[in-house]
Amino acid sequence: MSWLSNSQAVVLTAYHPSGKDQALGGSHGKGGEEAASSRRYGQYTMNQEVTKVTERPPFDRSGSQDSLDELSMEAYWTELENIKKSHENRQDDQEVVVVKEPDEGELEEEWLKEAGLSNLFGETAGDPQESMVFLSTLTRTQAAAVQKRVETVSQTLRKKNKQYQVPDVRDIFAQQTGSKEKEAPDGTESQSVGTDENKYRGKDDQASHLGVGGKELTPLVPEEAPASETDINLEVSFAEQAVSQKESSREKIQRSRGDDATLLTYRVPKDKTGTTRIGDLAPQDMKKVCHLALIELTALYDVLGIELKQQKAVKIKTKDSGLFCVPLTVLLEQDQKKVPGTRIPLIFQKLISRIEEGGLETEGLLRIPGVAVRIKNLCQELEAKFYEGTFNWESVKQHDAASLLKLFIRELPQPLLSVEYLKAFQAVQNLPTRKQQLQALNLLVILLPDANRDTLKALLEFLQRVVDNKEKNKMTIMNVAMVMAPNLFMYHTLGLKSGEQREFVMAAGIANIMHLLIRYQKLLWTIPKFIVNQVRKQNTENQRKDKKAMKKLLKKMAYDREKYEKQDKSANDADVPQGVIRVQAPHLSKVSMAIQLTEELKASDVLARFLSQESGVAQTLKNGEVSLYEIGGNIGERCLDDNTYMKDLYQLNPNAEWVIKSKPS
């Protein structure tokens, strides 16, 4: 459960399947009884209102919207019509669930729990030592976001006459004020944020704007448009960058509005200490990353003045077996009994595989729908025969498989982008620059549950492979984005009595987000360096506070174990001179290797040297099956990318151990 706003005037609703009362693409002229009996897919109901939509909305032309006109949106509206037709062939089996409005302060209280700061209030508020360590590593904008929520909870608890002591978060941060003026959490001077950001800003981060109904929208970038590629700054807090850019770029942004100048595209910067990807960190550190990502996302939106509508994940009755309308976690539990360790639902993998077997060069792939009656029959047959292994995949036509894949996504009891963060994903379209949209998406991807994130990654990788064949299949990245956007985002549009102009803005906005998700997968699955550095600092501070307790614990240890550890440590110290690291591979070899650090030594070089001397091990391993890990010191465990410069990383974490081991499946 996650909460991203302090707004009180929101009715929270459960996610539930939906039907002919589709928010987009279809009429709603039939009566309530018939609507209630129809199969519903991917809808939210807010205040029990249903949006009435008839035809695709027209839109007013403006001088700056040539890059995103009615013709380019054709695939979007066509997909919505296809979705409506497919829904008419399914039957309703779930009830609408409406959740009451949350009590005052409840949103902020849940937000603090999700951020790992629940002991700042309530019965545990008297001993917030762990939170104080956490708070000491926050940036100014992150601290402001926390302070805002703590103060709201504090006021609420006082109104309710609760006797819990609620510490003033300003007193906690006051202890850090002196040091924060000199040093930011990533070890850089905080006053240099603006200076550091200038080198990443490039010529112009402001995309040309599309005006619809008084709202500005950053349109999709045509693939053929000239683009200047630049590194995105992952070393400085995104919210801190926004504060700096808000002032220094205001005049420049005003000058560039409506300008069709060269648009920037972004890439992951090269980092000598190694790029950290999602999945590279140990679970305990990844948990800290998620806490920081939530706070950073909230701080970024606070700075930009964007309100985030929150949504509560409500437990509703769902199927506990089968393929369609089954929660991802339930699917994975039953799949892992057949294929241990699988992280993507087997039916999802098989549908993608079947599409690819038909060839990704097929014109109109994903856009052309399958036959509705066949889709319905295939669903029933899959439910009965898939796990028995008797389903005849040869009978599934390629376009039918593509329709089944999209149907699977739409029929998830909770959306692939999660109930908690679906609205936050949609709000990305309101951010003023492409860079800030990517920064927000990066944080949101980190915050997704593992099952959702892994499945989304598999989907986006497949969509990129489709785009790679655009010369033959005619499915450019914009076409794929237009087709897939309603399948991932359409649930969120319900309950809004929006006009036609607003509908066009929403359609264009979510198509733009889908475009960014496909195009920038590598960047979005990267953990920003400033967050990793904050985790390192948290670990260092916790170790410092635990040092005295650890000394007492060591005195109680058995004498022989203490003697063994001393001997082992002294032996290692004697074997490893200054400027040398010892690399171990306990699961592959009993022999460790001492390697001299040089300016150019990379993690890939360490692996190559070790495997070259352990020929027996090397022969049993395929390329890429093992990696070098940084373990201990100021990090729990981190898988190193091949281009990590070992001397630079050693200087950042001199107390780490270096271990070669197999990558997790």
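Cut-offs applied
Residues numbered from 1 in each chain as written. Predicted model: local features only at pLDDT ≥ 70, side-chain atom pairs only at ≥ 80, totals over all residues. Heavy atoms only, no water. Helix = DSSP H or I, 4+ residues; strand = E, 2+ residues; numbered from the N terminus. Buried < 20%, exposed > 50% of the residue type's maximum accessible area, 1.4 Å probe, protein only. Contact = heavy atoms within 4.5 Å. Areas by Shrake-Rupley, 256 points an atom, 1.4 Å probe, with all protein chains shown as cover. Salt bridge = Lys/Arg side-chain N within 4 Å of Asp/Glu carboxyl O. Phe/Tyr/Trp six-rings, centres within 6.5 Å; stacked < 30°, edge-to-face > 60°. Lys NZ or Arg CZ within 6 Å of the ring centre and 35° of its normal. Expected span 1.5 Å × (residues − 1). pLDDT = per-residue confidence, 0-100. Axes fitted to C-alpha atoms, helices over the stretch in contact; angles between N-to-C directions. Left-handed = near helix turned anticlockwise from the far one by under 90°. Nonpolar A, V, L, I, M, F, W, Y, C, P; charged D, E, K, R; others polar. Pairing = 2+ DSSP bridges. Core = buried A, V, L, I, M, F, W, Y, C linked by side-chain atoms within 4.5 Å. Polar contact = N/O pair within 3.5 Å; in protein donor to acceptor, adjacent residues only side chain to side chain. Parallel < 35°, antiparallel > 145°, perpendicular 65-115°, else oblique.

**Things to note about the overall build of the protein**
Scanning the protein from N- to C-terminus turns up 27 helices and eleven strands. The 665 residues of the protein split such that 55% are buried. When contacts within the protein are restricted to residue pairs at least 6 apart in sequence, long-range pairs at least 24 apart make up 80% of them. Carbon together with sulfur atoms contributes 47% to the accessible area of the protein, which is approximately 30200 Å² in total.

**Re the pattern of salt bridges**
Going through the model one piece at a time under the given rule, you end up with 19 salt bridges. Between R267 and D231 there is a salt bridge, with the nearest N and O atoms lying 2.6 Å from each other. Of this pair, R267 sits in strand β6 (residues 263-267) while D231 sits in strand β5 (residues 227-231), placing them 36 residues apart in sequence. Judged by relative accessible area, which is 35%, R267 ranks as partly exposed. Several salt bridges share partner residues, and in doing so they unite R536, E630 and R638 into one network.

**A few points about the packing of aromatic side chains**
Within this structure, the stated rule accounts for six aromatic pairs. Seen in terms of ring centroids, F386 and Y387 are 5.1 Å apart; in terms of plane orientation they differ by 75 degrees. Their pairing is edge-to-face. The rings of F386, Y387, F391 and W393 are connected pair by pair, giving a single aromatic cluster. Lying over the aromatic face of W111, R149 brings its terminal NZ or CZ to 5.4 Å of the ring centre. Positioned over the ring face of Y629 is K661, at 4.7 Å from the centre of the ring.

**Description of helix α17 (residues 434-447)**
Compared with the 20 Å implied by 1.5 Å per residue over 14 residues, the 20 Å span of α17 between its first and last C-alpha is a close match. Taken across its 14 residues, α17 has 14 buried, putting it largely inside the fold.

**Re the confidence of the model for the protein**
Close inspection of predicted coordinates is inappropriate in any region flagged by low pLDDT. Taken over all residues, the pLDDT of the protein has a mean of 75, while the share at 70 or more is 63%. Predicted confidence in the protein is weakest over helix α1 (residues 32-37), with a mean pLDDT of 36, and strongest over helix α18 (residues 450-468), with 97. Across residues 91-100, confidence stays below pLDDT 50; counting only partners more than four residues off in sequence or on other chains, it has 28 contacts. The low-confidence segment residues 187-222 (pLDDT under 50) makes 116 contacts with residues lying over four places distant or belonging to another chain.

**What about the environment of L652?**
By the secondary structure assignment, L652 is in helix α27 (residues 646-652). Along the chain, L652 and N533 lie 119 residues apart, while their C-alpha atoms are 9.7 Å from each other.

**Overview of the packing of helix α11 (residues 283-304) against α17**
Describing two packed helices takes the angle between their axes plus the distance from one axis to the other. Two elements in contact, α11 and α17, have axes separated by 9 Å at closest approach and are oriented at 145 degrees. Crossing geometry of α11 relative to α17 is assigned as left-handed. When α11 is examined against α17, the residues M286, V289, C290, A293, L294, E296, L297, L300, Y301 and L304 are found in contact with a partner set consisting of Q436, Q439, A440, L443, L444, I446 and L447. Of the residues that constitute the contact of α11 with α17, the class distribution is 14 nonpolar, two polar and one charged.

**Observations concerning helix α13 (residues 346-357)**
Owing to its 3.6 residues per turn, the α-helix aligns residues three or four sequence positions apart on the same side. In a regular helix each residue adds 1.5 Å, so twelve residues correspond to 16 Å; α13 covers 16 Å between its end C-alpha atoms and thus fits that length. Within α13, burial applies to L346, I347, F348, L351, I352, R354 and I355. Packing partners of the buried residues in α13 comprise α12 (328-338), α14 (372-385), α15 (398-410) and α18. Immediately downstream of α13, the backbone of G359 shows phi near 95 degrees, a positive value.

**Topic: the sheet that holds strand β8 (residues 593-596)**
Pairing in this open sheet of five strands is mixed, and the strands run β8-β7-β11-β9-β10 from one edge to the other. At either end of the open sheet lies a strand with only one pairing partner, and these are β8 and β10 (635-639). Averaged over all pairs of adjacent strands, the angle between their axes in this sheet comes to 30 degrees, without regard to strand direction. In this structure, strand β9 (residues 626-632) lies alongside strand β11 (residues 657-662), joined through six bridges in antiparallel fashion. Residue pairing across strands places Y629 opposite V659, the latter belonging to β11. Across the sheet, helix α25 (residues 603-613) touches β7 (580-584), β8, β9 and β11, and the angle it forms with β9 is around 115 degrees.

**A short note on the nonpolar core**
Among the nonpolar cores identified, the biggest contains 133 residues, and V146, L463, F489 and M514 are the most heavily contacted of them. With twelve residues, α11 is the largest single contributor of residues to this core. Setting aside residues no more than four positions away along its own chain, F489 makes contact with L417, L422, F425, Q426, I510, I513, M514 and L517. Core analysis: the next-biggest nonpolar cluster, separate from the first, contains 20 residues, V583, A603, L628 and Y650 among them.

**Here's the deal with the pairing of β10**
Where β9 lies against β10, four bridges are found, and the strand directions are antiparallel. Bridge pairing in β10 places G632 opposite I635. Between β9 and the antiparallel strand that follows it, β10, lie two residues; G633 among them carries a positive phi value of about 75 degrees.

**Structural notes on the environment of V580**
Position of V580 among the secondary structure elements: in strand β7. According to the relative accessible area criterion, V580 is buried, its value standing at 9%. When the C-alpha positions of V580 and Q596 are compared, they lie 4.4 Å apart, and in sequence the two are 16 residues distant. Beyond its immediate chain neighbours, meaning those up to four positions away, V580 contacts A594, I595 and Q596.

**Observations concerning the environment of D231**
Residue class for D231 comes out partly exposed when judged on its relative accessible area of 22%. Along the primary structure D231 and T265 are separated by 34 residues, whereas in three dimensions their C-alpha atoms are 8.5 Å apart. At a separation of 2.6 Å, a polar atom in the side chain of D231 contacts the side chain of R267.

**A word on the pairing of β7**
Counting buried residues along β7, four of its five residues qualify, which places the element largely inside the surrounding structure. Strand direction decides the pairing type here: β7 and β8, joined by four bridges, are antiparallel. Bridge pairing in β8 places V580 opposite Q596.

**Overview of the packing of helix α9 (residues 238-248) against α17**
Running from N to C, α9 and α17 cross one another at 160 degrees; their axes reach a closest spacing of 11 Å. Between α9 and α17, the angle is such that the two are roughly antiparallel. The way α9 lies across α17 gives a crossing that is left-handed. For the pair α9 and α17, the contacting residues are F238, Q241, A242 and Q245 in the first and K435, Q436, Q439, N442 and L443 in the second.

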